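# Architecture and fold: a report
In case you want the letters, here they are:
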Amino acid sequence: MTDTLTRDRAADLIALETLYGATNYKPLDVVLTRGEGVYVWDVNGKRYLDCLAAYSAVNQGHCHPKIVAAMVEQAGRLTLTSRAFRNDQLPLFYEELCTLTKSHKALPMNSGAEAVETALKVARKWGYEVKGVAKDRAEIIVCKQNFHGRTLAVVGFSSDPSTYRGFGPFAPGFVPVPYGDAAALEAAINENTVAFLVEPIQGEAGVIVPPAGYMKTARELCTKHNVVLICDEVQTGLGRTGKLLAEEHEGIEADLTLVGKALSGGFYPVSAVLSNDEVMSAIKPGEHGSTFGGNPLACAVARAALKVLIEEDMIGNSERIGARLKANLASIKSDKVKEVRGRGLMLALELTEDLGGARPYCEALQHRGILCKDTHDHTIRISPPLVLTADQADWIAEQFEAVLRA
Ligand SMILES: *Cc1c(COP(=O)(O)O)cnc(C)c1O
């Protein structure tokens, strides 16, 4: 095919998508067709280094061969039984996930938002049955600028108008407090408080790292006031910040920890609520479920995704290469840069506000072979797969430097 023909193919596909698809996204005009490791290729054959990694779902790199093999093998054997019957993958998935994360119990779901909803239900149930909160009075404290998914209960306590506007009325019982402010958290706790839901680093808000000690204090306050601490690690978990779970940075354990995204290495939606015995035992047979949750295909894929994450030291790599990339980005001499922040390979570069937004810079990076996503106008998030090498990290920083100094 000639270049013109293939370029027409991208245009044709974009036109088709625009004609039939709901317009709930506004993607960059790049049509991808193949991926391997940190790279993806568009329909014209142009290669890009993927600095979004599907919002951290592809921590293990695109199409990791061991996950492909596990998925293909399981897909030819048994995919779905429903939880009406047992399957031979779920127990092994439970054992491996709980051993790795030092959890007593796990509850499998599919999307991250479903894991969040599950945790909210479990915490409320615990609140009524164990803590003794009066019927329908349970309160859950959430953080401003949070992102926990797109379901109705969850968007109802978002502080981003584009997320909640036009979708009410919303479920009551959620109390917002400023993120990173432990005193505000303590002031909001009362006898009806059953849980505090928090991201250890706020991802969608623009990679916001809370003050040192915040998560540790939050843990202490929750213990002191008999409140369930729910850490949403759907994005920060599974190596993204240079630890298996971001909670480990402050040496804490949540009562409920939510994982998703990279739990399947980006192959298939798999999420889970990790818990201690006391909180999870509030849920009894028939009170919660999912047709696809815990299916054998999901379990086989997730087992392989966890195995390669550990065996190939992707978590250590995230810590080392993340620190190197952050230092390289921070050393760029440009008055366009307001701040470089983040942990491990969960990084962001915030531009000064007078530049009028980050999107043109993402487009310039796209021309140079890097795919990035702007967030909240002025911030470019940088979260490549955790298999990134030192050379690739240095190359990314060079491209940023070229674009920022142009
Ligand atoms: C992405 C994300 C979710 C939602 O996950 P989905 O799979 O899109 O439903 C929830 N919480 C956090 C912190 C996330 O980053």
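Residues numbered from 1 in each chain as written. Predicted model: local features only at pLDDT ≥ 70, side-chain atom pairs only at ≥ 80, totals over all residues. Heavy atoms only, no water.

## Description of the site of the ligand
Close to the ligand lie Ser111, Gly112, Ala113, Phe147, His148, Gly149, Glu199, Asp232, Val234, Gln235 and Lys261. Between the ligand and Gly112, the relevant distance is 2.8 Å, taken from an oxygen atom to a main-chain nitrogen or oxygen of the residue. A distance of 2.8 Å separates an oxygen atom of the ligand from a polar side-chain atom of Gln235. Expressed as a share of its isolated accessible area of 380 Å², the protein-covered part of the ligand is 81%. Residue classes in the shell around the ligand are distributed as three nonpolar, five polar and three charged. (Near = heavy atom within 4 Å. Polar contact = N/O pair within 3.5 Å; in protein donor to acceptor, adjacent residues only side chain to side chain. Areas by Shrake-Rupley, 256 points an atom, 1.4 Å probe, with all protein chains shown as cover. Nonpolar A, V, L, I, M, F, W, Y, C, P; charged D, E, K, R; others polar.)

## Some remarks on the pairing of strand E4 (residues 105-109)
Of all the five residues making up E4, four are buried; the element is thus mostly covered by neighbouring parts of the structure. Pairing of E4 with strand E10 (residues 271-275), which is carried by five bridges, proceeds in the antiparallel orientation. Looking at the pairing, Lys105 lines up with Ser275 of E10. (Buried < 20%, exposed > 50% of the residue type's maximum accessible area, 1.4 Å probe, protein only. Helix = DSSP H or I, 4+ residues; strand = E, 2+ residues; numbered from the N terminus. Pairing = 2+ DSSP bridges.)

## Considerations on the packing of aromatic side chains
Tallied over the full model, the rule gives three aromatic pairs. Measuring from centroid to centroid gives 6.3 Å for Tyr39 and Trp41, while their planes differ by 55°, and the two rings are tilted. Classification of Tyr39 as buried rests on a relative accessible area of 17%. The interplanar angle of 75° and the centroid separation of 5.6 Å between the aromatic rings of Tyr179 and Tyr214 together place this pair among those described as edge-to-face. On the criterion of sequence distance, the pair formed by Tyr179 in the loop between strand E6 (174-177) and helix H8 (182-188) and Tyr214 in helix H9 (residues 214-224) is long-range, its members being 35 residues apart. (Phe/Tyr/Trp six-rings, centres within 6.5 Å; stacked < 30°, edge-to-face > 60°.)

## Quick look at a nonpolar patch on the surface
A cluster of nonpolar side chains, contributed by Leu16, Leu19 and Tyr20, occupies part of the molecular surface with about 400 Å² of accessible area. Tracing the chain through its elements places Leu16 in helix H1 (residues 3-20). (Patch = residues over 30% accessible without salt bridge, like charges linked within 9 Å, V, L, I, M, F, W, Y side chains within 5 Å. Salt bridge = Lys/Arg side-chain N within 4 Å of Asp/Glu carboxyl O.)

These results come straight from atomic positions and should not be treated as a statement about function.
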